[in-house]
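Understanding the architecture of this molecule
Residue strings, one per chain:
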Amino acid sequence: MNSSLPEYFFRVRENGATVFLVETDNPQRRIEMTQIAVLNIKNGEIKPHGGRVLSNEDREEIEAWMAKRKVQLGHRDLDDLHRAVENLNLTAQWAQSRATPEQLEDITDELLLAMHDLRSVLVRKKADRMSNTLRAAKT
C-alpha cells in the first residue's frame, strides 16, 4: 500500500493548496502527513510552513502541481462558460414554454440586468480585440 502513495499531498483551498509531505516510514506503519507549505495559485506565492526550508525537490513538485492546476482550472472555467451558454438556452426555452407569469415576474429584472452587464462586457472586450488586431495589421 505504501509504495503507491505519492510523496506529496495537495489539499486544495480557495486560492491554492496546503502542501503535505506524506511519510510512511515509521514503526506503526501509519501514514503521517506533515504540512510543509501553503501556496497561492493566483499570485504564485509559496510560503514554507513553520520555519521549514523547502528543498529543491519540494519546490519542483510544488511548481509542477501549480502548473498542472492552472491548466486544470483554465479548462474548468471554459467548461463552466459552455454550460452557462447552455443554461441561457434552457432558460429561454423555459421562459417561452413553461414559466408562469409569477415566475417570470420574480426573475425577469434580475436576469435582464445580468444579461445586460454580460453583453456590455463582451461587446467592450470584442471591440478591444478588434482594435488591437487593426493596430497590429498596420505595423
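Here, every reference points to the structure presented above.
My aim in this report is to walk through the structure given alongside it, one point at a time.

Parameters and conventions
Residues numbered from 1 in each chain as written. Predicted model: local features only at pLDDT ≥ 70, side-chain atom pairs only at ≥ 80, totals over all residues. Heavy atoms only, no water. Helix = DSSP H or I, 4+ residues; strand = E, 2+ residues; numbered from the N terminus. Buried < 20%, exposed > 50% of the residue type's maximum accessible area, 1.4 Å probe, protein only. Areas by Shrake-Rupley, 256 points an atom, 1.4 Å probe, with all protein chains shown as cover. Lys, Arg positive; Asp, Glu negative; His and termini not counted. Charge placed at Lys NZ, Arg CZ, Asp CG, Glu CD. Salt bridge = Lys/Arg side-chain N within 4 Å of Asp/Glu carboxyl O. Patch = residues over 30% accessible without salt bridge, like charges linked within 9 Å, V, L, I, M, F, W, Y side chains within 5 Å. Phe/Tyr/Trp six-rings, centres within 6.5 Å; stacked < 30°, edge-to-face > 60°.

1. Digging into the overall build of the protein
In terms of helices and strands, the protein carries two helices and four strands. Counting every position in the protein, which comprises 139 residues, the buried fraction comes to 17%. Total accessible area on the protein stands at roughly 11200 Å², and carbon and sulfur atoms take up 53% of it. Here the protein contributes 21 positive and 22 negative side-chain charges, whose respective centroids are spaced 5 Å apart.

2. A look at the pattern of salt bridges
Using the criterion set out here, one finds two salt bridges in the structure. Two residues, Asp80 and Arg83, come together in a salt bridge whose shortest N-O distance is 3.8 Å. Taken as a pair, Asp80 and Arg83 lie in helix α1 (residues 56–97) at a separation of three residues, close to a single helical turn. Among the ionic contacts, a cluster of salt bridges with common partners joins Asp79, Asp80 and Arg83.

3. Re the environment of Ile107
Checked against the element boundaries, Ile107 lands in helix α2 (residues 101–138). Look at Ile107 and you get partly exposed, because its relative accessible area is 30%. Separated by 42 residues in the primary sequence, Ile107 and Trp65 have C-alpha atoms spaced 41 Å apart.

4. Regarding a negative patch on the surface
A contiguous patch of negative charge, built from Glu7, Glu57, Glu60, Glu61 and Glu63, is present on the exposed surface. Tracing the chain through its elements places Glu61 in helix α1. Classification of Glu61 as partly exposed rests on a relative accessible area of 37%.

5. Side note on the packing of aromatic side chains
For the coordinates displayed, the defined rule picks out two aromatic pairs. Ring centres 6.2 Å apart and planes at 35° place the aromatic pair Phe9 and Phe20 in the tilted group. Of this pair, Phe9 sits in strand β1 (residues 8–13) while Phe20 sits in strand β2 (residues 16–23), and the two are eleven residues apart along the sequence. Between Phe10 and Trp65, the ring centres sit 4.6 Å apart and the planes meet at 5°, which makes this aromatic pair stacked.

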